[in-house]
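Survey of secondary and tertiary structure
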Amino acid sequence: MTMSNRLRLSTILPAIALILVSCGGTTSGGTASSVSAATFGSKEPSFKPMCTPAAGKQFKVALIIAQGGLGDQSYNDLAYSGFQRAKTDFSVVGRVIQSADIVSQGQAIVQQAGQANFDLVIDLEFSTYDAVKAAAPSFPNTQWMTPNFTSLAANDTGYLFNEQDGSYLAGALAAQVTQDSKVPGITPSKVIGVIGGVKAVGIDKFLVGYAQGARDIDPSVKVLVNYSNGFGDPAKGKQLADAMFSQGANVVYQVAGGTGTGVIQAAQSANKYAIGVDSDQDAIAPGHVLTSMIKRTDFAVYDSINRLACGKLKGGETINLGLKEGAVGLSQMKFTRNAIPSKYLDKVADLQQKIIDGKIKVWNTITQGTPSWFTS
Amino acid sequence: MSQVTAETGIPVAGQETIAPSRGLQLLRPLQLAGPFVVALIVGAIVLAASGRDAAGTYWLLLQQSLGGPTEIANTLVAATPVLLTGLATAIAFRSGMFNVGVEGSLYVGAFAAAWAGFTLTRLPGPIVILVAVVLAGLAGAVWALIPGILRAQWRVDEVVTTLMLNYVAILLTSWLVNYFFLAPDIANSMSPLIASDARLAPLLPRSQLTIAFLLALVVTLLYAYLFNRATIGYQLRMTGLNPRFARAVGINLGRSIIVVFLLSGLIGGFAGGLQILGVNYRFIDHFSPGYGFTGIAVALLGRGHPAGILLSALFFGALSNGGAMIQLFSDIPLDLINILQGVVMIFAVIELSRLPACLTRCSGCWRPPRRPRPPSCSPPWVAWSTARVASSISGWNR
Amino acid sequence: MTEDSRAAGAPNSGASASILAPPRVRIRGLTKRYGGILANDGVDLEIPRGGIHAIVGENGAGKTTLMRALYGLVEPDSGVIELDGVPVRIATPAQAIARGIGMVHQRFELVEQLSALENLALGDLPHRGLMFDRNAAVVRAREIAAQLGTTMDWDRLVAHLTVGARQRLEIMRLLYRDADILIFDEPTSVLTPQEADDLFGVLRRMAGQGKTIIFITHKLREVFAIAEQVTVMRRGRVVASLPTKGSDPQRLATLIVGEQFASPVRATTIPPGKPVLEVDRLSICDDLGNLTLRQASFSIHAGEIVGLAGIEGSGQRELVEALVGLRRPVTGTINLRGRPVVTASVWERRKRGVAYISEDRDAEGACLPASLAENIFSIERDNPTLARGGRLNLAAIARFARSILSRFDVRGGGPQSPARALSGGNLQRLVLGREMQRTPTLLIAAHPTRGVDVRGITFIHQQLAESRAGGAAMLLISEELGELIELSDRLLVIFEGRITANLAAGEATPERLGLLMTGAA
């Protein structure tokens, strides 16, 4: 129980804790971000103070941990590491709030955090966002930060990740690798696969980006799409992935949280490739996870505190983090890099630069809906 | 004497029992407070060992759980579900049924209430609330009826069935919400929000203290009435104290079992439904941190007595609420609160009162092995340890 | 009578043991007291080497306690145990086994999940280094089986063995441990007749090999079938020890039940009223599915006390439970005042006037943790002055309870005291009062005076007689034959699940009953 529960609730929840905000309340594009050394897979986001923090001023920051708690080796732990990093870089009194009953106590915690005069409250728990929306206006002196969500109030900053961009790169890589018999385990074909947790725009954002990346490499590559209808069912994931491998796919991308561990298992036993999501999952089955599409929640947390300390956290805006900031992207491919011909990696690096430069626009289902060419 | 009290619940005041020795009388409040005192001492040792100020931490804990109207409201909100699950569990325990499946009733009840709340959006709020609460109770009762019938008809051990049905309920609701009732455009495993006028109105602004707590108090009173004044409650109590006797005087055990499970499930369902209507406003997959299992501890700690159950529910509510809030003001980790809770539970169940008796019995001359006690008296730790195992499996106190 | 039997059965008089050698087992003045009950009261016993020695007596006569003392399971309060003339102290079964004493209990002590061979060797595993030397065990097992002249499927799990095979395995375990005094506690009670015959063969063979067999039973047929010597115990004392040759079942039965004080044959001239209870061809299974009551038919009339005599475990308990509604019979009918009640619930029968005094007062007759008032109220749930509309009238219940307590002179607590606080006799008065105050039409009284003091017994007898005079029909079960003969208008005897005799009050004597109860007549 613990396992599936944790896998489900912590790994995937944040990854896809997206809501459709079609009304364009988004301010697009990150305001800041400096570096753009666009070598694919090696880019680290920039954990650097954007100003010299004023001495003497201490900031009170609270971090509300999501369901699953610390120790999940995923979303919460990643966010927490960004929080710790910010605490060393800035003069911050940090409080971490955990509760086994965060779902029910969320509203009370949000209220009490407001009462307690924090400068910034970072809330990782999606189910409390209604409460944040209701409470934030009553505490104008407190800034709020809600990752994976658009701004909820004039003093709340939303952070969204351009997962479609990273997924695009994953698709581009997969479409190349699947056709090359020199790569270990590949039976050349023009088929790749992707498994989503549920059919929802927040998930299709990944899937469409992936399909678009493959299409741009070779329009004749077929992308198999399926949904596991749940995030905690590795057996289902294995079953779906096995089906795709038997249909000729060499690479399957999982966007299904705990279900995805089954996809990775299937790749290992079929001697094929999976693509991980959210965190660096390459080490789960070394050599059989082609790459992972990483999302750097830690950077979002760090960035919000960075802005707070430098007086740049204004609230009322939604910050999009993407390839440019290094907040999404492919993993280092520690176990697979040497087996993949470098021309493919170069191609992916090239595509990454093009996205950063705005030469390629990756489809965003959140704002654009589902493209006509995408069939699931 | 203490044994009698432990089994029948705290006796009604003013009864003409043979007076216990003076020493025992003086010991009684001490025994009841024992678990808490020991827990606080152990907690203090842990705090001190980790280099923290124990007194200051306890003071902060007290402030954050009872220090003002908002704090008290939050404590009452946190106490509401465990008060109800505690009562649901206690009804079964006092009737000799080790129903450890209140968690399951809570889940199906919560789902039923949420379903009513997001489906019947055209009806006026109060009617939706009424329908949702009734549905929640019915769902919980029907769910508990399964092990009830298995037990009554085929003597299938209810500890096993109720424990396992918890997981069935959790996974069933998970399946329902993920496959059929997912909130549109949200990839998280949660249902749509219930209609806004189906939410229970807060009694105190900016809190979630609603009539749910008052309803829980009413259920507490009904519980007291059931076991002290009602004929059916008398029958259930006799069934719990000595099923062979109950059968011989013509109490229908099968019917008692069914009634017990229905009532227990009904209250468990209410607990889930009220939590949705008053706090969560939607069904969230795996939302309960183990209210049903905490209810077992509440029932045992309260010794089956209504006031005891109320007090221990408030205690757990205060600890849960205070434990979360205290983190806003100090760097006390949640684990410490979990330690406090765990120690209280352990010592609640050990029953300090029996310890000296056991020691004197075990020394002295050898005696023939004691006859196994009748099933009615099977020790509470059976249920407790089962519950403990269950909780560690489900990870509610992670 | 006692002196007479002592004289007749002077210890060891007929045994073939050498006068020179001391007896294999000698017990002198062994006393064991449980609370206020003397289980063994200065018991003297001598058992010569070799042969089969039976110990007989009613339940509770002290047979098992005596043997448990010999086996180290019971520590006697006083007395001496000698083996071959040497006083020994046996404090644990391990010490008993070390001295060659083994005991086969009624419940086997085998590990069901292990094979027969593993059970045999358990406790004294042959080994090579750290490994179980299976071959050595097999060799030894074959030897023992050959010695007994039986076979055993050594690799089969005990769980899959028949009861008879399990018992043989228990015996082999004793031989494996080199026991030469083997105690059997009612070994045939769990066996089929065929298995019992097999067992007797094994016992005779062992006796022929010089083992000393002690055989506890209450079946006289078995005594005469295999034992050379028999010791009779009654109420914790040895009343006789005599050779079976030259004795007869009738004599033994008299010794077992004791000389009952001559009871004046009562003028049972009350004309029997209408039949209240009619039982026709009733067969009942016990919890294990054994048919314990077979085709019982009898009736009880208004104003009549029918006594049921029998060795405990002959089917009385199942009969009582079927009459009260606690056990569903397999076949047969029960009519109460002409109406069939065989499917009626306990409560329906109680409402039709059935009252029940349970033989197990603490576990079934009363609810010890509950208060006296709650105990009394238990069968008054339909009394509108005490409970109306599902609501208890606590004050009325307390008043009602108080009236019962004073009417039946229950001492030791008030209505709110826990029943646990009462002594056995007072608790029985409470139970009696609770059942009597509804003026039952049929009273089922199982061992109503068990564990009650003399004053209480008289009171209970009076109450039963009054109830009879008031027209109640009554089934009385007791292990006290005197009580049965004194109170009953008619006596039924039950033996191995069958009602074997139906005697009028005048026909019943303790001797005759004793023979009938033990299946000797």
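Section: the overall build of chain C
- Within chain C, the secondary structure is distributed over 18 helices and 24 strands.
- Here the C-alpha atoms of chain C give a radius of gyration of 26 Å, agreeing with the 24 Å that 2.2 N^0.38 yields for 521 residues.
- Referenced to the eigenvectors of the C-alpha coordinate spread, the extents of chain C come out at roughly 80 × 55 × 45 Å.
- The proportion of buried residues among the 521 residues of chain C is 55%.
- A separation threshold of at least 6 residues defines the contact pool for chain C, and within that pool the share at least 24 residues apart is 67%.
- Summing over all exposed atoms, chain C offers an accessible surface of approximately 22,100 Å²; the carbon and sulfur share of this is 51%.
- The centroid of the 62 positive side-chain charges in chain C is displaced by 4 Å from the centroid of its 58 negative side-chain charges.

So, the overall build of chain A
- A tally of helices and strands in chain A yields 11 helices and 12 strands.
- Out of the 376 residues in chain A, the part that is buried amounts to 64%.

Considering the pattern of salt bridges
- Considering all chains together, one arrives at 42 salt bridges over all chains under this definition.
- Linking Glu163 of chain A and Lys295 of chain A is a salt bridge whose minimum nitrogen-to-oxygen distance equals 3.2 Å. With a gap of 132 residues between them, Glu163 of chain A in helix H5 (residues 163-177) and Lys295 of chain A in strand E10 (residues 289-295) connect regions that are remote in the sequence. No difference in accessibility class separates Glu163 of chain A from Lys295 of chain A, as the two residues are buried.
- For Lys238 of chain A, the salt bridge is made with Asp242 of chain A, and the minimal N-O distance between the two is 3.4 Å. With a gap of four residues between them, Lys238 of chain A and Asp242 of chain A both fall in helix H7 (residues 234-246), about one helical turn apart.
- The class of Lys238 of chain A is partly exposed, set by a relative accessible area of 28%.
- Each member of the salt-bridge network shares a partner with another, and the members are Arg24, Arg49, Asp84 and Asp180 of chain C.

Notes on the domain arrangement of chain C
All names here are of chain C.
- Domain assignment breaks chain C into domain 1 (3-100 + 180-257), domain 2 (108-178), domain 3 (273-353 + 442-454 + 471-521) and domain 4 (368-439).
- Measuring from the centre of the C-alpha atoms in domain 3 to the corresponding centre in domain 4 gives 27 Å.
- Facing eight residues of domain 3, the contacting portion of domain 4 comprises eight residues.
- With both chains or domains summed, domain 3 and domain 4 bury close to 720 Å², and 58% of this area falls on carbon and sulfur atoms.
- Summed over the three residues of domain 3 that lose the most area to domain 4, namely Trp347, Arg350 and Leu443, the buried surface amounts to 63% of that side.
- Between domain 3 and domain 4 we count one salt bridge in total.

Looking at the interface of chain C and chain B
- Contact with chain C, which involves 38 residues of that partner, is made by 27 residues of chain B.
- Across the chain C to chain B interface the summed buried area is about 2,900 Å²; carbon plus sulfur atoms make up 55%.
- Together, Pro369, Arg381 and Leu392 of chain C form the three largest contributors to the area buried by chain C at its contact with chain B, with a combined 19%.
- Our enumeration of links across chain C and chain B arrives at three salt bridges.
- We note a salt bridge from Glu374 of chain C to Arg237 of chain B, for which the minimum N-O separation is 2.7 Å.
- The interface formed by chain C and chain B contains 14 residue pairs in polar contact (both at pLDDT 80 or more).
- Mapped by element, the contributors of at least two residues to the side of chain C that touches chain B are helix H11 (346-351), helix H12 (361-365), helix H13 (372-377), strand E20 (391-392) and helix H14 (394-407) of chain C.
- With four residues, the single largest contributor to the side of chain C that touches chain B is H12 of chain C.

Here's the deal with the sheet that holds strand E14 (residues 291-301) of chain C
Residues and elements named next belong to chain C.
- Taken together, the four strands give an open sheet; going across it, the order is E14-E13-E16-E17, and neighbouring strands pair in antiparallel fashion. Sheet topology places E14 and strand E17 (339-340) at the edges, where each strand pairs with a single neighbour.
- Here five bridges tie strand E13 (residues 275-285) to strand E16 (residues 331-336), and the two strands are oriented antiparallel to one another. Note on E16: the bridge partner recorded for Val279 is Ile334.
- Against the sheet, helix H10 (residues 316-324) contacts E13, E14 and E16, and its axis sits at roughly 125° relative to E13.

Looking at the sheet that holds strand E21 (residues 442-446) of chain C
All names here are of chain C.
- Across the sheet, six strands lie side by side as E18-E21-E22-E15-E23-E24; this open sheet has mixed pairing. At either end of the open sheet lies a strand with only one pairing partner, and these are strand E18 (354-357) and strand E24 (498-504). For this sheet, the mean inter-axis angle between neighbouring strands, taken without regard to orientation, is 15°.
- Here four bridges tie E18 to E21, and the two strands are oriented parallel to one another. Within the sheet, the bridge partner assigned to Val354 lies in E21 and is Leu442.
- In the packing of helix H18 (residues 510-517) onto the sheet, contacts are made with strand E15 (305-309), strand E23 (490-495) and E24, and the angle to E23 comes to roughly 30°.

Structural notes on the confidence of the model for chain C
Residue and element names in this part refer to chain C.
- Residues with a pLDDT of 70 or more make up 91% of chain C, whose mean pLDDT is 85.
- Taken as a whole, residues 261-265 scores under 50 in pLDDT and shows four contacts with residues more than four places along the chain or in a different chain.
- Here the complex is predicted with pTM 0.74, and the ipTM for its interfaces comes to 0.77.

Some details on the state of the cysteines
All names here are of chain A.
- The final tally for this structure, using the stated rule, is one disulfide over all chains.
- Residue pairing for Cys51: its cysteine sulfur links by disulfide to Cys310, the two sulfurs lying 1.8 Å apart. Residues Cys51 and Cys310 share a disulfide whose torsion about the S-S bond is about -90°; that sign makes it left-handed. Of this pair, Cys51 sits in the loop between helix H1 (2-15) and strand E1 (59-64) while Cys310 sits in the loop between helix H9 (297-309) and strand E11 (318-321), placing them 259 residues apart in sequence.
- Among the residues examined, Cys51 registers a relative accessible area of 25% and is labelled partly exposed.

Thoughts on a nonpolar patch on the surface
Residue and element names in this part refer to chain B.
- A grouping of Trp59, Leu62, Leu66 and Ile72 is seen on the molecular surface, where their side chains present a nonpolar patch of about 400 Å² in accessible area.
- Tallying contributions element by element places helix H3 (residues 54-66) first for the nonpolar patch, with three residues.
- Mapped onto the fold, Ile72 is located in helix H4 (residues 69-94).

Section: the environment of Thr52 of chain A
- Its location among the elements puts Thr52 of chain A in the loop between H1 and E1.
- A sequence separation of 257 residues divides Thr52 of chain A from Ala309 of chain A, and the C-alpha atoms of the two residues are 8.9 Å apart.

Some words on the packing of helix H2 (residues 75-89) of chain A against H9 of chain A
All names here are of chain A.
- Where H2 meets H9, the closest approach of the two axes is 7 Å, and the angle between their N-to-C directions is 35°. Of the two elements, H2 crosses H9, and the hand of that crossing is right-handed. Taking contact as the criterion, the partners of Tyr75, Leu78, Ala79, Ser81, Gly82, Phe83, Arg85, Ala86 and Asp89 in H2 are, on H9, Thr297, Asp298, Val301, Tyr302 and Ile305.
- When its residues are assigned to classes, the contact of H2 with H9 shows eight nonpolar, three polar and three charged.

Focus on the environment of Gln115 of chain A
- Looking at where Gln115 of chain A falls in the secondary structure, it is placed in helix H3 (residues 102-115).
- Note on Gln115 of chain A: relative accessible area 42%, which makes it partly exposed.
- Note: C-alpha distance between Gln115 of chain A and Ile64 of chain A (51 residues apart in sequence) is 15 Å.
- If we skip the residues at most four places from it in the chain, Gln115 of chain A touches Phe139 of chain A together with Arg206 of chain B.

Brief notes about the pairing of strand E7 (residues 222-227) of chain A
All names here are of chain A.
- Pairing between strand E6 (residues 191-196) and E7: six bridges, direction parallel. Its bridge partner being in E7, Ile195 is matched across the sheet by Asn226.
- The parallel pair E6 and E7 is bridged by helix H6 (residues 201-217), and the resulting crossover is right-handed.

Here we look at the environment of Arg221 of chain C
- Structurally, the position occupied by Arg221 of chain C is in helix H8 (residues 220-226).
- In this structure the C-alpha to C-alpha distance between Arg221 of chain C and Leu125 of chain C, which are 96 residues apart in sequence, comes to 39 Å.

Details of the nonpolar core
- Of all hydrophobic cores here, the largest spans 114 residues; its most connected members are Trp154, Leu203, Met206 and Leu513 of chain C.
- In contact with Leu513 of chain C, not counting residues within four places along its chain, are Ala309, Leu481, Ile485, Leu491, Val493, Leu503 and Ala508 of chain C.
- The next biggest cluster of nonpolar side chains, apart from the first, holds 94 residues, and it includes Ile64, Phe126 and Trp144 of chain A together with Phe316 of chain B.

A few points about the side chain of Ser115 of chain C
Residue and element names in this part refer to chain C.
- With respect to the secondary-structure elements, Ser115 resides in the loop between strand E6 (101-104) and helix H4 (116-121).
- Given a relative accessible area of 9%, Ser115 falls into the buried group.
- In this structure Ser115 touches Trp154, Asp155, Arg156, Leu157 and Val158, once residues within four positions along its chain are discounted.

Conventions we followed
Each chain carries its own residue numbering, running from 1 in the direction its sequence is written. Chain A is the first chain written and ligand 1 is the first ligand written, with later ones labelled in order. Under the rules for a predicted model, residues below a pLDDT of 70 receive no local features and side-chain atom pairs below 80 are neither given nor counted, while totals for whole chains, interfaces and linings still include all residues. Each side-chain value is worked out from all heavy atoms of the structure, with water and hydrogens disregarded. Each helix corresponds to a stretch of at least 4 residues labelled H or I by DSSP, and each strand to a stretch of at least 2 residues labelled E; elements are numbered beginning at the N terminus. Two things to know: the radius of gyration comes from C-alpha atoms, and the globule rule equals 2.2 Å times the number of residues to the power 0.38. Think of it in three bands: with a 1.4 Å probe and only protein chains considered, a residue is buried below 20% of the maximum accessible area for its type, exposed above 50%, and partly exposed in between. Here a residue-residue contact requires only that any non-hydrogen atoms of the pair lie within 4.5 Å. Accessible areas in this description were obtained via Shrake-Rupley with a 1.4 Å probe; residue shielding takes into account the shown protein chains only. We treat Lys and Arg as the positive residues and Asp and Glu as the negative residues; His and chain ends play no part in the count. Where a charge lies is defined by one atom per residue type: Lys uses NZ, Arg uses CZ, Asp uses CG and Glu uses CD. Whenever Lys or Arg places a side-chain nitrogen within 4 Å of a carboxyl oxygen from Asp or Glu, that contact is recorded as a salt bridge. Domain boundaries shown here were taken from an automatic or database domain assignment. The term buried area refers to how much accessible surface (probe radius 1.4 Å) is lost by two components on association, counted for both of them together. In protein, a polar contact means a hydrogen-donor-capable atom and an acceptor-capable atom, both N or O and within 3.5 Å, with residues adjacent in sequence counting only if both atoms are side-chain atoms; elsewhere, any N or O pair within 3.5 Å suffices. Only strands joined by at least two bridges in the DSSP assignment are considered to pair. Axis geometry follows a simple rule: fit a line to the C-alpha atoms, using only the stretch in contact for helices, then measure angles between N-to-C directions, giving values from 0 to 180 degrees. Note on scores: pLDDT gives the predictor's confidence for each residue, bounded by 0 and 100. Any two cysteine sulfur atoms lying within 2.5 Å of each other are counted as a disulfide. A patch consists of residues whose relative accessible area exceeds 30% and which take part in no salt bridge; residues with like charges are grouped when within 9 Å of each other, and nonpolar side chains (Val, Leu, Ile, Met, Phe, Trp, Tyr) when within 5 Å. Should the near helix be turned counterclockwise from the far one by less than a right angle, the crossing is left-handed, whereas a clockwise turn marks it as right-handed. In this count, Pro and Cys sit with the nonpolar residues alongside Ala, Val, Leu, Ile, Met, Phe, Trp and Tyr, while Asp, Glu, Lys and Arg are called charged and the others, Gly among them, polar. With strands facing away from the observer, any crossover in which the path from the first strand over the helix to the second runs clockwise is taken as right-handed. Joining through side-chain atoms within 4.5 Å is the link that ties buried Ala, Val, Leu, Ile, Met, Phe, Trp, Tyr and Cys residues into a set, and such a set is a nonpolar core.

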